[in-house]
Amino acid sequence: MNVLGALQILASLPDDEDFYVGPVAKAEGEHALSLLYMFDLDAPKVSSHDSESVVFSWERGEAKYYLSVGDGGASFIRSTPDERGIVGHAQLDEAAIVGVLRLAGDHVGGSERVTG
């Protein structure tokens, strides 16, 4: 799956489209995607929360996992029918982002490699 290509398509949409991703969000999404690649996670779905953030998502049974990237940071969120909460958060330029992505790897795993 070409996740980078999907992100580029969202960034090329007119800025009044619902799924448009602005240039800063695109750059942060690309940075996060490069880090996800290092952890050999399954390829996520990609969307925008608004023009200022990118959301990568995975489904595992009844659980849904989201990596929301924007404003220089990333939050890993787990959502089930019974609860929803932030599992980890870090700024993209901090070493702690590695821990957040390790959490993602623990929950999401990988068999279909993220590609650019």
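Let us look at the structure shown here. The structure presented is a predicted model; accordingly, all values stated were derived computationally and were not measured.

1. Looking at the pattern of salt bridges
Now for step 1: Applying the stated criterion across every chain yields a total of 3 salt bridges.
Now for step 2: Its salt-bridge partner being arginine 60, residue aspartate 42 comes within 2.4 Å of it at the nearest N-O pair. Of this pair, aspartate 42 sits in the loop between α2 (23–38) and β1 (45–50) while arginine 60 is found in strand β2 (residues 53–60), placing the two residues 18 residues apart along the sequence.
Now for step 3: Using a relative accessible area of 30% as the deciding quantity, one classes arginine 60 as partly exposed.
Now for step 4: Of the charged contacts, one joins glutamate 83 and arginine 78 as a salt bridge, the two residues approaching to 4.0 Å between their closest N and O atoms.

2. Notes on the packing of aromatic side chains
Aromatic rings in a pair are described by how distant their centres are and how their planes are angled relative to each other.
Now for step 1: A complete count under the given rule lists 1 aromatic pair for this structure.
Now for step 2: Judged by centre distance (5.7 Å) and plane angle (5°), the rings of tyrosine 65 and phenylalanine 76 are stacked. Residue tyrosine 65 is found in strand β3 (residues 63–70), and its partner phenylalanine 76 is found in strand β4 (residues 73–79); the two are separated by 11 residues along the sequence. Side by side, tyrosine 65 and phenylalanine 76 carry an identical accessibility label, which is buried.

3. What to know about the side chain of serine 48
Now for step 1: Topologically, serine 48 is positioned in strand β1.
Now for step 2: On the basis of relative accessible area, serine 48 is assigned to the buried category, the value being 10%.
Now for step 3: Here phenylalanine 19 takes part through its backbone oxygen, which lies 3.2 Å from a polar atom of the side chain of serine 48.
Now for step 4: Not counting residues up to four positions away in its chain, the partners in contact with serine 48 are Leu10, Asp18, Phe19, Tyr20, Val21 and Ser53.

Parameters and conventions
Residues numbered from 1 in each chain as written. Predicted model: local features only at pLDDT ≥ 70, side-chain atom pairs only at ≥ 80, totals over all residues. Heavy atoms only, no water. Salt bridge = Lys/Arg side-chain N within 4 Å of Asp/Glu carboxyl O. Helix = DSSP H or I, 4+ residues; strand = E, 2+ residues; numbered from the N terminus. Buried < 20%, exposed > 50% of the residue type's maximum accessible area, 1.4 Å probe, protein only. Phe/Tyr/Trp six-rings, centres within 6.5 Å; stacked < 30°, edge-to-face > 60°. Polar contact = N/O pair within 3.5 Å; in protein donor to acceptor, adjacent residues only side chain to side chain. Contact = heavy atoms within 4.5 Å.

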